[in-house]
Amino acid sequence: MGTEEYGGGQRENSDVLVVTTNDVPGFYVQKVIGEVFGLTVRSRHLGSQIGAGLKSLVGGELRGLTKTLVQTRNQAMERLVDQARSRGANAVLMFRFDVTEAADVGTEVCAYGTAVVVAPRS
């Protein structure tokens, strides 16, 4: 697997900036819109569960589960950006992920942050 299958984050030309910081250097917050989130729950298919169980006996990375988690996080982030955009934001501050097990059948991933409108400092 190449690095593109393990990576995530924003696309290069996104109209909504997503940062993990409280502010954006060179910009000021014009308007706080509020909390936004993107949520998805993914179940693991039987093949990956069996493979993960066997791999856990000998150790090492669970590549199938890693790839699934990357895809899940990317989907949650896309949903967060869509919600921020639909509410009029051009940035999301304090971006975070929360990952939990969902009823022992899958993984819940929530991407969340604060939607804002930022403008360049003059």
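The preceding data block contains the structure.
Residues numbered from 1 in each chain as written. Predicted model: local features only at pLDDT ≥ 70, side-chain atom pairs only at ≥ 80, totals over all residues. Heavy atoms only, no water.

## Remarks on the nonpolar core
We apply this condition: We define a nonpolar core as any set of buried Ala, Val, Leu, Ile, Met, Phe, Trp, Tyr and Cys residues linked to one another through side-chain atoms lying within 4.5 Å. For the exposure calls, accessible area comes from a 1.4 Å probe over protein chains only, and a residue counts as buried if that area is under 20% of its type's maximum, exposed if over 50%, partly exposed in between. A run of H or I in DSSP counts as a helix once it spans at least four residues, and a run of E counts as a strand once it spans at least two, with each numbered from the N terminus. Residues are treated as being in contact if the distance between any of their heavy atoms lies within 4.5 Å.
Counting 16 residues, the largest nonpolar core has Val18, Leu80, Ala84 and Val92 as the members making the most contacts within it. Residue assignment for this core shows that the elements contributing at least two residues are strand 2 (27-43), helix 2 (63-86), strand 3 (91-102) and strand 4 (106-120). For leucine 80, the contacting residues outside a window of four places in its chain are Val18, Val36, Phe37, Gly38, Val92, Phe95, Ala111, Tyr112 and Gly113. Val19, Val24, Leu93 and Val118 belong to the second-largest nonpolar core, a separate cluster that totals six residues.

## As for the pairing of strand 4
Where we set the bar: Two strands qualify as a pair provided that DSSP identifies no fewer than 2 bridges between them.
Counting buried residues along strand 4, eleven of its 15 residues qualify, which places the element largely inside the surrounding structure. With ten bridges joining them, strand 3 and strand 4 adopt antiparallel strand pairing. Within strand 4, the position partnered with glutamate 101 by the bridge is threonine 107. Connecting strand 3 to the next strand, strand 4, in antiparallel fashion are three residues, including alanine 103 with a positive phi near 50 degrees.

## Quick notes on helix 2
Here is the rule we go by: Multiply 1.5 Å by the residue count of a helix minus one, and that product is the helix's expected span.
Taking 1.5 Å per residue as the helical rise, helix 2 with its 24 residues ought to reach 34 Å, and the 35 Å between its terminal C-alpha atoms agrees with that figure. Next to the buried residues of helix 2 lie strand 1 (17-18), strand 2, strand 3 and strand 4.

## What to know about the sheet that holds strand 1
In a beta sheet, neighbouring strands pair by backbone hydrogen bonds and run either parallel or antiparallel. The condition is simple: Axis definition: a line fit to C-alpha positions, over the contact stretch in the case of helices; interaxial angles, taken between N-to-C directions, run 0 to 180 degrees.
Taken in spatial order, the four strands line up as 1-3-4-2 in an open sheet, and their pairing is mixed. In this open sheet, the two strands that pair with only one neighbour each are strand 1 and strand 2. The pairing of strand 1 with strand 3 spans two bridges and is classified as parallel. Paired with valine 18 across the strands is valine 92, a residue of strand 3. Taken strand by strand, helix 2 contacts strand 1, strand 2, strand 3 and strand 4, and its axis lies near 140 degrees from that of strand 2.

## Focus: the environment of glycine 7
Along the polypeptide, glycine 7 turns up in the segment before strand 1. Since its relative accessible area comes to 31%, glycine 7 is described here as partly exposed. The spacing of glycine 7 and lysine 67 is 60 residues in sequence and 9.2 Å in space, taken between C-alpha atoms. Ignoring anything within four residues of it in the chain, the contact list for glycine 7 reads Val70 and Asn74.

## Thoughts on the packing of aromatic side chains
Put simply, the test is: Each pair of aromatic rings taken from Phe, Tyr and Trp, with Trp reduced to its six-membered ring, is defined by centres within 6.5 Å and is described as stacked if the planes are under 30 degrees apart, edge-to-face if over 60, and tilted in the remaining cases. Criterion for a charge above a ring: Lys NZ or Arg CZ within 6 Å of the ring centre, and within 35 degrees of the ring normal.
All told, the structure shown has one aromatic pair when counted by the stated rule. Between phenylalanine 95 and phenylalanine 97 the ring centres are 5.0 Å apart and the planes differ by 75 degrees, which places this aromatic pair in the edge-to-face class. Of the residues examined, phenylalanine 95 reaches a relative accessible area of 9% and is grouped as buried. For arginine 73, the ring lying beneath its charged end belongs to phenylalanine 97, and the centroid distance is 4.6 Å.

## Considering the side chain of threonine 72
Relative to the helices and strands, threonine 72 resides in helix 2. Relative accessible area serves as the criterion here: at 2%, threonine 72 is assigned to the buried category.

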